[in-house]
Amino acid sequence: MRWLVTGGLGFIGSQFIRLVLRERAEVSVVNLDAMTYAGNPANLRDVEHDPRYRFHKGDICDAGAVAEAIGPGVDAIVNFAAETHVDRSILDPKDFLHTDILGTHVLLEAQRERGVRRYLQVSTDEVYGDVAAGDSTESDPLRPRSPYAASKAGADLQVLAYHVTYGAPVLITRGSNTYGPRQYPEKIVPLFVTNLIDNQPVPVYGDGEQIRDWLHVEDHARAILHVLERGKTGNVYNVGGANPRTNLELTRLLVEGCGRSMETHVEHVTDRLGHDRRYALDTAKLRALGWSPRVPFDEGLRSTVAWYRANESWWRPLKTGEYLEYYKRQYAQR
Ligand code: TYD
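What you see is a predicted model; the values in this text were computed from it and never measured.

Q: Give a detailed account of the packing of helix H8 (residues 247–257) against helix H11 (residues 297–310), specifying residues and quantitative values.
A: Where H8 meets H11, the axes come as close as 11 Å, and the angle between the chain directions of the two elements is 50°. Compared by their axis directions, H8 and H11 come out oblique. Handedness of the H8/H11 crossing: right-handed. Facing Leu250, Leu253, Leu254 and Gly257 of H8, the residues of H11 in contact are Phe297, Leu301, Val305 and Arg309. When the residues that make up the contact of H8 with H11 are grouped by side-chain class, the tally is six nonpolar, one polar and one charged.

Okay, here's the thing in structure tokens:
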């Protein structure tokens with residue numbers, strides 16, 4: 001079997017490819033990745049010479065690049081390729097609409113034209129918007145509130161429309177906040193850990209009482225594989241870690257885990273525009289399909305901190321150039 005994975009040089013995509021190569025001997029993987037700032041070849045250095053792995057540099061918005069990556073044919077398309085950072089989407093929404101919506105459209109067309117037997121869209125809990133109480137189920141209305149979430153919701157709706165209109169064999173996973181090794185250091189966990197290692201303060205937005213559900217990247221990758229292999233087409237599956245924490249609670253774990261103190265290393269900064277207070281997922285549907293998360297939160301967070309400590313050569317080069325430019329713009333706006 002041959003699968004096309006898009007965005008496979010990113011955080012979750014690279015973990016998925018490593019998992020598939022390790023545990024599915026019958027599958028070979030073609031990775032189509034545009035190598036934007038978040039697509040990092042170092043994320044798959046350990047498998048780049050695997051004969052079952054092939055890399056294509058290209059953008060999912062480019063139908064020619066997608067056709068070339070598909071080559072003689074693939075049995076499945078798994079779309080991880082997306083612009084994903086809320087703060088960037090607030091600064092500059094256009095790239096989000098382009099990649100997340102148009103890119104998905106191009107892949108859906110490729111699925112249709114080539115008769116690919118399965119299409120999985122990797123989505124996010126952010127499409128449900130702010131959830132004051134209770135848990136979001138898959139049939140809840142989408143109420144995205146950031147340009148990022150709205151672009152992902154737009155893509156989800158296209159995917160589902162292709163199922164209704166053309167009978168496309170699609171699946172969607174909606175994951176909660178994911179953490180673990182190899183996450184670009186703009187997201188809260190790697191940003192805070194790498195700042196703390198460098199004895200720098202960490203910026204907590206607003207009152208820090210916002211709630212996110214935390215899911216280890218290994219559990220997230222396993223859930224996507226599980227849905228790809230066992231999900232019922234036309235269906236959406238929530239993927240959550242059942243670890244709700246306020247940002248301040250998470251910050252305390254990271255600050256103390258790095259041997260620093262809240263008094264000296266936490267800086268309260270102006271809140272994110274339109275900041276969602278809470279996300280929460282009902283994951284009964286995926287659990288009924290036989291998946292559940294395996295990595296306990298405390299252990300996952302400890303090993304994640306240890307990974308960033310042991311892999312400075314992975315993240316230090318990332319905190320230069322484009323990254324510094326982004327932070328300059330980010331804080332100029334606040
Ligand atoms: P983030 O990692 O950007 O994920 P998302 O916004 O998609 O959930 O942020 C997680 C939470 O942490 C979110 O409530 C915003 C907050 N946050 C901070 O307080 N400071 C930061 O520097 C960042 C990046 C995020």
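More follows now that the structure is in view.
Q: Tell me what's going on with the site of the ligand, and back it up with residues and numbers.
A: Contacts to the ligand come from 18 residues, most closely from Glu126, Pro203, Arg212, Arg272 and His275. Between the ligand and the protein, one listed contact pairs an oxygen atom with a side-chain N or O atom of Glu126 at 2.3 Å. Between the ligand and Asn247 there is a distance of 2.8 Å, counted from an oxygen atom to a side-chain nitrogen or oxygen. Isolated, the ligand exposes 510 Å² of accessible area, and the fraction of that covered by the protein chains is 97%. At the level of secondary structure, the elements contributing two or more residues to the shell around the ligand comprise helix H6 (188–197) and strand S8 (202–205). By residue class, the composition of the shell around the ligand is eight nonpolar, five polar and five charged.

Q: Report on helix H1 (residues 11–23), specifying residues and quantitative values.
A: Along its 13 residues, H1 runs 19 Å from first to last C-alpha, staying within 8% of the 18 Å computed at 1.5 Å per residue. With 11 of its 13 residues buried, H1 lies for the most part within the structure. Those residues of H1 lying buried are Phe11, Ile12, Gly13, Ser14, Gln15, Phe16, Ile17, Arg18, Leu19, Val20 and Leu21. Buried residues belonging to H1 abut strand S1 (2–6), strand S2 (28–33), strand S3 (53–57), strand S4 (76–79), strand S7 (177–179) and helix H7 (217–230).

Q: I'd love a proper account of the sheet that holds S1, names of residues and values included.
A: A sheet is described by the order of its strands in space; here seven strands give the open sequence S3-S2-S1-S4-S5-S6-S10, paired in parallel fashion. Both outer strands of the open sheet, S3 and strand S10 (235–239), are each paired with one neighbouring strand and no more. The mean inter-strand angle of the sheet, taken between neighbouring strand axes irrespective of direction, is 20°. Sheet topology places S2 next to S3; five bridges connect them, and they run parallel.

Q: Help me get a handle on the pairing of S1, residues and values and all.
A: With five of its five residues buried, S1 lies for the most part within the structure. Along S1, one buried face is formed by Arg2, Leu4 and Thr6 and the opposite face, lined by Trp3 and Val5, is buried too. Summarising the sheet, S1 and S2 pair through five bridges and their orientation is parallel. The partner of Arg2 across the bridge, within S2, is Ser28. For the handedness criterion, the β-α-β arrangement of S1, H1 and S2 is classed as right-handed. The pairing of S1 with S4 spans four bridges and is parallel. Each residue of the ladder has a partner; that of Leu4, found in S4, is Ile77.

Q: Any details on the pattern of salt bridges? Residues and values, ideally.
A: If you walk through the whole model with that rule in mind, you get 19 salt bridges. In this structure, Glu229 and Arg24 form a salt bridge, with 2.6 Å as the shortest nitrogen-oxygen distance. Of the two residues, Glu229 is situated in helix H7 and Arg24 in the loop between H1 and S2; the sequence distance between them amounts to 205 residues. Among the residues examined, Glu229 registers a relative accessible area of 33% and is labelled partly exposed.

Q: Report on the pairing of strand S5 (residues 119–124), specifying residues and quantitative values.
A: For S5, a buried count of six out of six residues is recorded, marking the element as mostly surrounded by other parts of the structure. On S5, burial covers both faces: Tyr119, Gln121 and Ser123 on one face and Leu120, Val122 and Thr124 on the other are all buried. Direction of pairing for S4 relative to S5: parallel, over a ladder of three bridges. Considered in S5, the bridge of Asn79 is made with Gln121. Here S5 runs beside strand S6 (residues 170–175); their pairing, made up of six bridges, is parallel. What sits directly across from Tyr119, in S6, is Val170. With helix H5 (residues 147–166) bridging S5 and the parallel S6, this β-α-β connection has right-handed handedness.

What counts and what doesn't
Residues numbered from 1 in each chain as written. Predicted model: local features only at pLDDT ≥ 70, side-chain atom pairs only at ≥ 80, totals over all residues. Heavy atoms only, no water. Axes fitted to C-alpha atoms, helices over the stretch in contact; angles between N-to-C directions. Helix = DSSP H or I, 4+ residues; strand = E, 2+ residues; numbered from the N terminus. Parallel < 35°, antiparallel > 145°, perpendicular 65-115°, else oblique. Left-handed = near helix turned anticlockwise from the far one by under 90°. Contact = heavy atoms within 4.5 Å. Nonpolar A, V, L, I, M, F, W, Y, C, P; charged D, E, K, R; others polar. Near = heavy atom within 4 Å. Polar contact = N/O pair within 3.5 Å; in protein donor to acceptor, adjacent residues only side chain to side chain. Areas by Shrake-Rupley, 256 points an atom, 1.4 Å probe, with all protein chains shown as cover. Expected span 1.5 Å × (residues − 1). Buried < 20%, exposed > 50% of the residue type's maximum accessible area, 1.4 Å probe, protein only. Pairing = 2+ DSSP bridges. Right-handed = clockwise from strand over helix to strand, strands pointing away. Salt bridge = Lys/Arg side-chain N within 4 Å of Asp/Glu carboxyl O.

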